[in-house]
Amino acid sequence: VSSRGCHKIRGSQIRELLDSKLNVLFDCDGVIWNGETVVAGAPEVVTLLKQQGKKVFFITNNCTRPRASYVTKFIRLGFTDVAEEEIFSSAYCSAAYLRDVAKLQGKVYVIGCQGVVKELREAGVPIVEEDTDAPTGTIYDYPLDPDVKAVLVGYDEKFDFIKLAKACCYLQNTECLFLATDPDPWHPLRGGRITPGSGSLTAAVETASSRKATVIGKPSCFMFECIASQFNLDPGQSLMVGDRLETDILFGANCGLDTMLTLTGVSTLEEAHGYKDSDDPERKDFVPDYVVETIADFIEAYEE
Ligand code: PLP
Ligand code: CA
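I will try to describe carefully the structure that is included in this document. Keep in mind the model is a prediction, meaning the values are calculated, not measured.

On to the sheet that holds strand E9 (residues 177-180), then. Sheets are built from strands that pair by backbone hydrogen bonding, the pairs being arranged parallel or antiparallel. Ordered in space as E7-E8-E9-E12, the 4 strands form an open sheet in which the pairing is parallel. The outermost strands of the open sheet, each flanked by one partner alone, are strand E7 (107-111) and strand E12 (214-215). Those strands touched by helix H7 (residues 198-209) are E7, strand E8 (148-153) and E9, and its axis lies near 155° from that of E9.

With that settled, consider the site of ligand 1. Around ligand 1, the neighbouring residues are Asp-27, Cys-28, Asp-29, Thr-60, Asn-61, Asn-62, Thr-64, Tyr-155, Asp-184, His-187 and Lys-218. With respect to ligand 1, the backbone of Cys-28 contributes an N or O atom lying 3.4 Å from an oxygen atom. Side-chain polar atom of Lys-218 to an oxygen atom of ligand 1: 3.0 Å apart, as the coordinates give it. Contact with the protein chains covers 89% of the free accessible surface of ligand 1, which is 400 Å². For ligand 1, the cavity whose grid points lie within 2 Å of the majority of its atoms is the largest pocket. Considering only residue class, the shell around ligand 1 consists of 2 nonpolar, 5 polar and 4 charged.

The next thing to look at is the coordination of the calcium ion (ligand 2). Protein coordination of the calcium ion (ligand 2) is provided by Asp-27 (OD), Asp-27 (OD), Asp-29 (O) and Asp-243 (OD), with donor distances spanning 2.2 to 3.1 Å. Read in sequence order, the donor residues coordinating the calcium ion (ligand 2) give the pattern D-x1-D-x213-D.

Our next topic: the packing of helix H4 (residues 90-101) against helix H8 (residues 222-231). The interhelical angle for the contact between H4 and H8, taken along N-to-C directions, is 75°, at an axis separation of 10 Å. In terms of orientation, H4 and H8 fall into the roughly perpendicular class. Side by side, H4 and H8 meet where Ser-90, Tyr-92, Cys-93, Ala-96, Tyr-97 and Val-101 of the first sit next to Phe-222, Met-223, Cys-226 and Gln-230 of the second. Grouping the constituent residues of the contact of H4 with H8 by class yields 8 nonpolar, 2 polar and no charged.

Applying the stated criterion to the full structure yields 18 salt bridges. With a shortest N-O distance of 3.7 Å, Glu-36 and Lys-73 are connected by a salt bridge. Note that Glu-36 is positioned in the loop between strand E3 (33-34) and strand E4 (37-38) and Lys-73 in helix H3 (residues 67-76), a separation of 37 residues in sequence. Given a relative accessible area of 43%, Glu-36 falls into the partly exposed group. Residue classification places Lys-73 among the buried positions, given a relative accessible area of 6%. Bridged by salt links that share partners, the residues Glu-36, Arg-65, Lys-73 and Arg-76 form one connected network.

Basis of the calculations
Sequence order as written defines residue numbering, which begins from 1 separately in each chain. To read the labels, note that chains go from A and ligands from 1, taken in the order they are written. With pLDDT at 70 or above as the cut-off, local features in this predicted model cover only qualifying residues; side-chain atom pairs require 80 or more to be listed or tallied, and sums for whole chains, interfaces and linings still use all residues. Calculated side-chain values reflect all of the structure's heavy atoms, with hydrogen atoms and water omitted. A pair of strands is labelled paired if DSSP reports no fewer than 2 bridges between them. Going along the chain from the N terminus, every DSSP run of H or I of four or more residues is numbered as a helix, and every run of E of two or more is numbered as a strand. Contacts are assigned to residue pairs with any non-hydrogen atoms lying within 4.5 Å of each other. As a rule, the C-alpha atoms of each element are fitted with a line to give its axis, helices using only the stretch in contact, and angles between N-to-C directions run from 0 to 180 degrees. Proximity is defined per residue: any heavy atom of the residue falling within 4 Å of a molecule or strand makes that residue near it. Polar contacts here mean pairs of N or O atoms no more than 3.5 Å apart (in protein, one a potential hydrogen donor and the other a potential acceptor; neighbouring residues in sequence count only if both atoms are side-chain atoms). Only the protein chains shown count as cover for residues, and the accessible areas themselves come from Shrake-Rupley with a 1.4 Å probe. Only protein atoms enter the 1 Å grid used here, on which a cavity is any set of points holding a 1.4 Å probe that cannot leave and a pocket is any open set flanked by protein within 12 Å on both sides along at least five of seven lines; residues with an atom within 4 Å of a point are listed as lining. To qualify as sitting in a cavity or pocket, a molecule needs more than half of its atoms within 2 Å of the grid points. When residues are sorted by character, Ala, Val, Leu, Ile, Met, Phe, Trp, Tyr, Cys and Pro go into the nonpolar class, Asp, Glu, Lys and Arg into the charged class, and all the rest, Gly among them, into the polar class. Keep in mind that water is not among the atoms, so a site may look incomplete; donors are the N, O and S atoms within 2.8 Å of the metal, or 3.2 Å for Na, K and Ca. Oblique is the label for any angle not under 35 degrees, not over 145, and not in the 65 to 115 range, which are roughly parallel, roughly antiparallel and roughly perpendicular in turn. Any carboxyl oxygen of Asp or Glu that lies within 4 Å of a side-chain nitrogen of Lys or Arg is treated as forming a salt bridge with it. Only protein chains enter the calculation, and the probe is 1.4 Å; a residue is then buried if its accessible area is under 20% of its type maximum, exposed if over 50%, and partly exposed in between.

Structure below.
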């Protein structure tokens with residue numbers, strides 16, 4: 001089967017593809033689970049791939065949980081063989097970036113949630129502790145910490161004007177790093193609702209500061225580099241499976257991985273074909289090499 005063709009594959013074609021790979025990288029939401037509901041067959045697929053000698057990784061832009069909490073979630077949803085070391089979240093990778101790449105000498109001002117704060121603490125990266133007292137005076141009287149050398153923006157359900165104001169004040173210093181956990185614009189919730197993602201909050205900070213954030217999560221290659229540095233992965237022997245063309249499939253294309261779209265999440269086959277038929281060459285990187293209905297299709301691939 002030739003590449004970047006949006007090829008819908010099943011059975012022996014899936015088997016042939018998997019036989020040619022050593023590593024399978026799964027996006028989580030929309031692939032492995034939808035919120036708190038497991039994708040039927042996903043635990044069996046992970047076990048099957050491991051029995052076949054594959055290395056399996058989970059790579060999520062969701063920064064709301066620390067790695068240990070993902071392990072609990074995998075167990076709760078029926079997975080029996082997922083290790084913390086196999087889970088790479090945008091929160092974990094942001095902490096790794098600040099510690100190992102930026103080698104930050106100073107504190108991080110975090111707009112984010114417990115997942116980000118816990119991963120930064122675990123990595124030993126100092127953060128500005130939130131003032132427990134209610135702010136006094138006007139909204140312009142908030143304290144600023146002179147040791148801040150980076151601003152990190154992630155999903156934050158308590159995002160507010162003061163946080164935005166503080167972030168853009170810190171970012172006036174051009175030496176202050178500006179990172180975003182991920183660029184996701186929104187996420188599906190149950191009942192057809194959506195919630196704004198980290199990308200929406202980052203866009204507000206970018207506008208207020210007239211700066212552009214460095215993105216850590218998919219589609220940036222840093223998450224792959226993070227895995228590759230620990231497990232010595234060859235991109236040519238790795239398959240990226242995701243449900244969102246603009247993050248997961250672009251991520252795979254950016255990192256030199258073969259890509260597979262699964263239709264249990266956000267993007268549709270029609271959207272994939274739309275990118276394939278587009279005249280804009282940049283959109284070609286949104287086109288998956290392969291498409292399956294669900295990763296549960298891997299099971300019959302091994303039965304045949
Ligand atoms: N960030 C948040 C806050 C989310 O709720 C989700 C999905 O539920 C994601 C990111 C995307 O996660 P993934 O990369 O696993 O699809
Ligand atoms: Ca997803």
